[in-house]
Amino acid sequence: MAYLDKLNDRQRQAVEFGAGPGLPPPLLIIAGAGSGKTNTLAHRVAHLLVGGADPRRILLMTFSRRAATELTRRVERITTEALGSGYAAEALAWAGTFHGIGARILREHALEIGLNPEFSIHDREDSADLMNLVRHGLGFSKTESRFPSKGTCLAIYSRAVNAEESLSQVLRNQFPWCANWEAELKRLFGGYVEAKQAQNVLDYDDLLLAWAQVMEHPGFAAHIGATWDHVLIDEYQDTNRLQSRILLGLKPDGRGLTVVGDDAQSIYAFRAATVRNILDFPSAFTPPADVITLDRNYRSTQPILAAANAVIEEARERFSKSLWTERESSEKPRLVTLLNEADQARHFVDQILANRETGMRLTQQAVLFRTSSHSGQLEVELTRRNVPFVKFGGLKFLDSAHVKDLLAVLRFAQNPRDRVAGFRVLQLVPGVGPTAAGKVLDALAPHIHPLEALATLNPPARAGTAWKDLIEALSGLHAADWPAGIARARAWYDPHLDRIHEDAETRRADLLQLEQIAGGYPSQERFLTDLTLDPPDATSGQAGVPLKDDDYLILSTIHSAKGQEWRAVFVLNVVDGCIPSDLGTGSSAEIEEERRLLYVAMTRAKDQLTLGVPLRFYVTQQTRNGDRHIHAMRSRFISRDMLDRYEVIHWQPPILSDGRPRPPAPQAIDISTKMRGMWS
Ligand code: ATP
Ligand code: MG
């Protein structure tokens, strides 16, 4: 059993738990970050296989497809090592996410449960579109006071389904600003369900809902449960009520069931996950399930762990205990204060490249953030400096439609011969489609001054007054100074935003951010060149993951970084208003979830951790007009008492704002001590 030698005693106990004849009793492994939970789970599965368990009768589930693939690979590696022969991961036929497995179960049993087995599955985007159609059909989109957007409607619906709460409960607790639409929403959701059934469609939530409903029938539950001997789940703290009902339905006596998780890392309550699932797991069975805890962290160095522990120790309630590690290091995590987000981006990229110089590949480094839109500034800096990156948990800033639109306006005004830009811009005008746009561009091509020619052309047949506005805007732009030009372009685009996009407010904020970023460039030309965008045509919509042996940096939301680890981790915007994301308006449960998020982010780091604290922070939430910057403060989760766990750095760019290099300071002075000294 050499393959178990590397495990510590408790991990090994968890791996071998319940060995012997018959199925093992239920087991909960609950422990902090990086204590080897996932690793232990992989060993447990491998150990079952080595002991002769049938891989087709093992169900292995976790929170994402990526994590499931990684887990199966680990199992494969360990089993192969133990058996000394190849062991194909495909043999583990039932590894995936709850939703993925649900889809298979429903299809396999469709006829028995009255579903048409040909059903198709709608992803979130499809679902929102269908919700929108029904909304239009019922005339709700034309209401005088604004009816909730399709995204909000779907979120309300999804919450009610996944949390098993009534509509009025959900509205009261999560969406109070939509409460006066309760009757309409009820009709909308009724219509939505009917539409799905008429089209033989299941949405994402249905995969769980229908599965859970089938499991209510004891006969069926036993029938489906008999498919597997062993059911093992990772990241159990982030499951919702439907998922726990499914699980308990599959294995009512808990035999063969192993769940793994960390209550301190539950970060999906906003999507109806409940930490009660993991905390109440033992008592769901008689006798109660066994609990194994792990407290040795193998991932992070001692100083990183100390900083992360300090953050989570302030949490209101917590089951798993603080961790310890034997990984000594003299390098404390860095807490870097910077003037603004532009400096933060610059400094992080400097550090990332410096790390690479010392042999740390880009793939061993990650930049994490609370919200996808927070990485805009960084993405621009990475693009400018030619550092390849892959982003998880959101669209790349520069790939988003509205950013591309605005850039296309600038490019077209600058170079009216740029067909790609022109094609995009012309179609922003209502009534102008691809054919009309193409014709206009053809007509412009022979002219020496295409913009002037544009004004003399007959407008496309169905383009209304907006055509004239476009022409004025373009010629105004051509003449405008920098960076006033981008403000003008934005002003022209602004009304179109509302027409083209549902979530215009968020996108508007992105564009303001782009304007801010642009302000840091000496000229429009430099700005556009530095961004070196792929031609924004239809075919290059998806950037795609670079080739395997390419080196690229990882950008990820904290939510999508769960379960992973990197040698160096950088966290953007560790300021109040970002982590926690609400400036003190959230409920205390929400604030606690934000604290755990920061804990998850920090515990991803193995060797090096850097937290950025920009003093001026750009708010993406809508604020009426006015300044969208706030003067930020260090996140409240890192209290003054914790500062000694960090190397606190105040970073300044080596170049002054007028482009002169910053002269070295004559000599270190400590003005604070000096000022205090006056009175002591
Ligand atoms: P998270 O809470 O973030 O999901 P986890 O508890 O699942 O973390 P793992 O990802 O399984 O932790 O392990 C963290 C790191 O520690 C991995 O690099 C893993 O290989 C290593 N590790 C785990 N157990 C041991 C061990 N007994 N000896 C050496 N390394 C170990
Ligand atoms: Mg894990």
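In this text, all values refer to a predicted model and were calculated from it rather than measured experimentally. (Residues numbered from 1 in each chain as written. Chains lettered and ligands numbered in written order. Predicted model: local features only at pLDDT ≥ 70, side-chain atom pairs only at ≥ 80, totals over all residues. Heavy atoms only, no water.)

Colleague: I'd like a rundown of empty space enclosed by the protein, residues and numbers included.
Modeller: Tallying each qualifying case throughout the model produces one cavity of 30 Å³ or more. For the largest cavity, the calculated volume is near 30 Å³. Taken together, E341, Q344, A345, H374, Q377, L378 and L572 form the lining of the largest cavity. Looking at the lining of the largest cavity, the elements with two or more residues in it are α14 (341-357) and α15 (376-384). Classifying every residue of the lining of the largest cavity by side-chain character gives three nonpolar, three polar and one charged. (1 Å grid on protein atoms, 1.4 Å probe; cavity = no way out; pocket = protein on both sides within 12 Å on 5 of 7 lines; lining within 4 Å. Points joined across faces, edges and corners; volume = space filled by probe spheres on them. Helix = DSSP H or I, 4+ residues; strand = E, 2+ residues; numbered from the N terminus. Nonpolar A, V, L, I, M, F, W, Y, C, P; charged D, E, K, R; others polar.)

Colleague: Go over the pairing of strand β9 (residues 334-340) with me, naming the residues and quoting the values.
Modeller: With five of seven residues buried, β9 lies mostly within the body of the structure. Here β9 runs beside strand β16 (residues 647-650); their pairing, made up of four bridges, is parallel. Opposite T337, over in β16, you have H650 as the bridge partner. (Buried < 20%, exposed > 50% of the residue type's maximum accessible area, 1.4 Å probe, protein only. Pairing = 2+ DSSP bridges.)

Colleague: Outline the site of ligand 1, listing residues and values.
Modeller: Near ligand 1 there are 20 residues, and of these K37, T38, Q265, E565 and R604 occur at the shortest range. Between ligand 1 and S35, the relevant distance is 3.1 Å, taken from an oxygen atom to a main-chain nitrogen or oxygen of the residue. Between ligand 1 and G36, the relevant distance is 3.1 Å, taken from an oxygen atom to a main-chain nitrogen or oxygen of the residue. Starting from 640 Å² of accessible surface for ligand 1 in isolation, the protein chains cover 84%. Looking at which element gives the most residues to the shell around ligand 1, the answer is helix α2 (residues 37-50), with three residues. (Near = heavy atom within 4 Å. Polar contact = N/O pair within 3.5 Å; in protein donor to acceptor, adjacent residues only side chain to side chain. Areas by Shrake-Rupley, 256 points an atom, 1.4 Å probe, with all protein chains shown as cover.)

Colleague: Describe the side chain of H109, with residues and values.
Modeller: Within the secondary structure, H109 sits in the loop between α4 (98-108) and β4 (120-122). Overall, the relative accessible area of 9% leaves H109 in the buried class. Contacts of H109, omitting those with residues within four sequence positions, involve H223 and I224. (Contact = heavy atoms within 4.5 Å.)

Colleague: Go over the sheet that holds strand β3 (residues 94-96), please, and point to the residues and values.
Modeller: Read across the sheet, six strands follow the order β3-β2-β6-β7-β1-β8 without closing on themselves; strand pairing throughout is parallel. Single-partner strands in this sheet number two, and they are β3 and β8 (290-294). Neighbouring strand axes in the sheet, compared pairwise and without regard to direction, differ in orientation by 10° on average. In the sheet, strand β1 (residues 27-31) pairs with strand β7 (residues 257-261) via four bridges, with the strands oriented parallel. Following the sheet pairing, I30 is matched in β7 by G261. Packed on one face of the sheet, α4 meets β2 (58-61), β3 and β6 (230-233) and runs near 135° to β3. (Axes fitted to C-alpha atoms, helices over the stretch in contact; angles between N-to-C directions.)

Colleague: Account for the pattern of salt bridges, with residues named and values stated.
Modeller: If you walk through the whole model with that rule in mind, you get 37 salt bridges. For R346, the salt bridge identified is with D343, shortest N-O distance 3.4 Å. With R346 and D343 both in helix α14 and three residues apart, the pair spans about one turn of that helix. Accessibility expressed as a relative area gives 29% for R346, which makes it partly exposed. For D576, the salt bridge identified is with R636, shortest N-O distance 3.0 Å. Separated by 60 residues along the polypeptide, D576 in the loop between β13 (566-571) and α24 (588-602) and R636 in the loop between β15 (629-631) and β16 bring together distant segments of the chain. The exposure class assigned to D576 is buried, which follows from its relative accessible area of 13%. What emerges from the salt-bridge pattern is a single network uniting E164, E216, R241 and R245. (Salt bridge = Lys/Arg side-chain N within 4 Å of Asp/Glu carboxyl O.)

Colleague: Describe α24, naming the residues involved and giving the relevant values.
Modeller: Between its first and last C-alpha atoms α24 spans 21 Å; for 15 residues at 1.5 Å apiece the expected length is 21 Å, and the two agree. A large share of α24 lies buried, amounting to 12 of its 15 residues. (Expected span 1.5 Å × (residues − 1).)

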